[in-house]
Amino acid sequence: MEKNLTDLKPFSRDGHTPLVRYWAVTFVLLAAVVLAGCAGLKSSINAASQGTANEAPDIPANAKNALLGNLQGTVEIKTGDGKWSPAETGEALESGQQLRTGAFSNVTLTYADGSRTYLGAGAEVAIDALDARTSGARVVQLTLVRGESRHTVESSDDSGSRYNVRTPNGDGSATGSAFTVMVLPNRSTQFWVENGSVSVVSQNVSVDVIGGHTTIIHKGQPPIEPMFRITGEGRVMQIEAIGDGDASRPLAALSQDWTQQNDKVTLCHATGSATNPYVEITVSVQGATNGHAGHSGDIIPAPAEGC
């Protein structure tokens, strides 16, 4: 005569757990392990990243706020009490606050007019003034203390609008432009302009840096004359007429400021070391163009006073 499962006694004749109870207990244990693993995985993902680089950043409704987006790694905010606290995606910043990123970290600030500031790893910026209104005079004023920042500035019809980036050595002002600012380990400052124009000022000397050009400001000195900044992958060539025909040769001159000897250029290669941040090297122009022009922190050409 067959028995129902409910008729099974707690133990079999030999004192062991019946097969049905064994599998039931095993299933419960496995389910608990799987659920715990999923919870742990979700927690670790949240801890590692609060955004992705491809996220479309939200635009704040308040012109006096900047929203944090695409937050990766360690990002902290400093308020009036002088304490640094962890930042969160979607958090709003205002004038008087500071923001910094740790190693392998980055964050984007988006303003009400659609302009954006991107901070790379190991960067620190202070928001000095912020009123990114869409009508009237827009005001965004930042101080980059260290590291790298990239800026995409929307155009404004108001002549009183300004988007300023201050650094320890000089300032840059732009509208309707895209540019990068770096405060290098030796405390010099570099402005790279992708498109538009940026007015760079230091020691009462102003230079206009247009798209595709860069300038460097050394401590206590005016900005150097803007020069071409060329980046690329593979072999970069310059096509020009030589004699009766056309010929291709490696790009031989980015600026008259480059120190060249037999198609060579002297540059400061960034090492990443706090005690020895730069190594002065002389390489071929092709090597500088293909290898060093895209290396963050390298100074091309080397300043007259050395690295």
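None of these values were measured; they are calculated from a predicted model.

## Quick word on the overall build of the chain
Here is step 1: Scanning the chain from N- to C-terminus turns up two helices and 21 strands.
Here is step 2: Each of the 307 residues in the chain was classed as buried or not, and the buried ones make up 38%.
Here is step 3: A sequence separation of at least 24 residues applies to 43% of the contacts in the chain between residues at least 6 apart.
Here is step 4: Approximately 17200 Å² of the chain is accessible, and the part contributed by carbon and sulfur atoms is 52%.

## Here's the deal with the confidence of the model for the chain
In regions of low pLDDT, the predicted coordinates are not meant to be interpreted in detail.
Here is step 1: Mean pLDDT over the chain: 76, with 65% of residues reaching 70 or higher.
Here is step 2: In the predicted structure, residues 27-54 sits below a pLDDT of 50 and forms 16 contacts with residues beyond four places in sequence or in another chain.
Here is step 3: Here residues 238-262 scores under 50 on pLDDT; set against residues more than four positions off or in separate chains, the count is 42 contacts.

## Structural notes on the pairing of strand β16 (residues 213-217)
Here is step 1: The buried fraction of β16 amounts to five of the five residues, a majority that puts the element mostly inside the structure.
Here is step 2: Every second residue of β16 is oriented toward a common face, with H213, T215 and I217 on one face and T214 and I216 on the other, all of them buried.
Here is step 3: Of the pairings in the sheet, the one linking strand β13 (residues 189-195) to β16 comprises four bridges and is antiparallel in character. Paired with F191 across the bridge in β16 is T215.
Here is step 4: Taken together, the two bridges between β16 and strand β17 (residues 227-228) define a ladder with antiparallel strand orientation. Looking at β17, one finds that H213 is bridged to F228.

## Side note on the nonpolar core
Here is step 1: Of all hydrophobic cores here, the largest spans 36 residues; its most connected members are L68, L99, L109, Y111, L119, Y163 and F179.
Here is step 2: Once residues within four sequence positions are removed from consideration, F179 is found in contact with S149, R150, H151, V153, Y163, V165, A174, F191, W192, V193, E194 and V198.
Here is step 3: By size, the runner-up hydrophobic cluster in this structure holds nine residues, among which are L184, A270, Y278 and I299.

## A look at unusual backbone geometry
Here is step 1: In the segment running from I300 into P301, the intervening peptide bond is cis, with an omega of 0 degrees.
Here is step 2: Tracing the backbone through its elements, the reader meets P301 in the segment after α2 (285-292).
Here is step 3: Even without glycine at this site, Q203 takes up a positive phi of about 55 degrees.
Here is step 4: Within the secondary structure, Q203 sits in the loop between β14 (197-202) and β15 (205-210).

## Comments concerning the packing of aromatic side chains
Here is step 1: The final tally for this structure, using the stated rule, is two aromatic pairs.
Here is step 2: Where Y111 meets Y163, the ring centres are 6.2 Å apart and the plane angle is 80 degrees; that geometry is what we call edge-to-face. Taken together, the positions of Y111 in strand β6 (residues 106-111) and Y163 in strand β10 (residues 162-166) put the pair 52 residues apart, joining distant regions of the chain. The residues Y111 and Y163 share a single accessibility class, namely buried.

## A word on the pairing of strand β1 (residues 66-72)
Here is step 1: By the criterion of burial, β1 is predominantly enclosed, with seven of the seven residues buried.
Here is step 2: Looking at chain direction, β1 and strand β4 (residues 92-93) are connected through two bridges and run antiparallel. Following the sheet pairing, L67 is matched in β4 by A92.

## Side note on the environment of T108
Here is step 1: In this structure, T108 sits in strand β6.
Here is step 2: For T108 and T89, which are 19 residues apart along the polypeptide, the C-alpha to C-alpha distance reads 9.5 Å.

## Side note on the environment of P222
Here is step 1: Positionally, P222 belongs in the loop between β16 and β17.
Here is step 2: The exposure class of P222 is partly exposed, given its relative accessible area of 35%.
Here is step 3: Along the sequence, P222 and V207 sit 15 residues apart, while their C-alpha atoms lie 9.1 Å from each other.
Here is step 4: Apart from the residues lying within four places of it in its own chain, the contact partners of P222 are S202, Q203, V205 and I216.

## Let's talk about the environment of T117
Here is step 1: Tracing the sequence through the fold places T117 in strand β7 (residues 116-119).
Here is step 2: What makes T117 buried here is its relative accessible area of 1%.
Here is step 3: Sequence-wise, T117 and T180 are 63 residues apart; in three dimensions their C-alpha atoms are separated by 9.6 Å.
Here is step 4: Contacts of T117, omitting those with residues within four sequence positions, involve V107, T108, L109, Y111, L142, R150, H151 and Y163.
Here is step 5: A polar contact is formed between the side chain of T117 and the side chain of H151, at a distance of 3.5 Å.
Here is step 6: A polar side-chain atom of T117 sits 2.5 Å from a polar atom in the side chain of Y163.

## Overview of the side chain of N164
Here is step 1: Topologically, N164 is positioned in strand β10.
Here is step 2: Polar contacts involving the side chain of N164 include one to the side chain of S173, which spans 2.9 Å.
Here is step 3: The contact partners of N164, leaving out residues within four places of it in the chain, are V140, Q141, L142, G172 and S173.

Conventions adopted
Residues numbered from 1 in each chain as written. Predicted model: local features only at pLDDT ≥ 70, side-chain atom pairs only at ≥ 80, totals over all residues. Heavy atoms only, no water. Helix = DSSP H or I, 4+ residues; strand = E, 2+ residues; numbered from the N terminus. Buried < 20%, exposed > 50% of the residue type's maximum accessible area, 1.4 Å probe, protein only. Contact = heavy atoms within 4.5 Å. Areas by Shrake-Rupley, 256 points an atom, 1.4 Å probe, with all protein chains shown as cover. pLDDT = per-residue confidence, 0-100. Pairing = 2+ DSSP bridges. Core = buried A, V, L, I, M, F, W, Y, C linked by side-chain atoms within 4.5 Å. Phe/Tyr/Trp six-rings, centres within 6.5 Å; stacked < 30°, edge-to-face > 60°. Polar contact = N/O pair within 3.5 Å; in protein donor to acceptor, adjacent residues only side chain to side chain.

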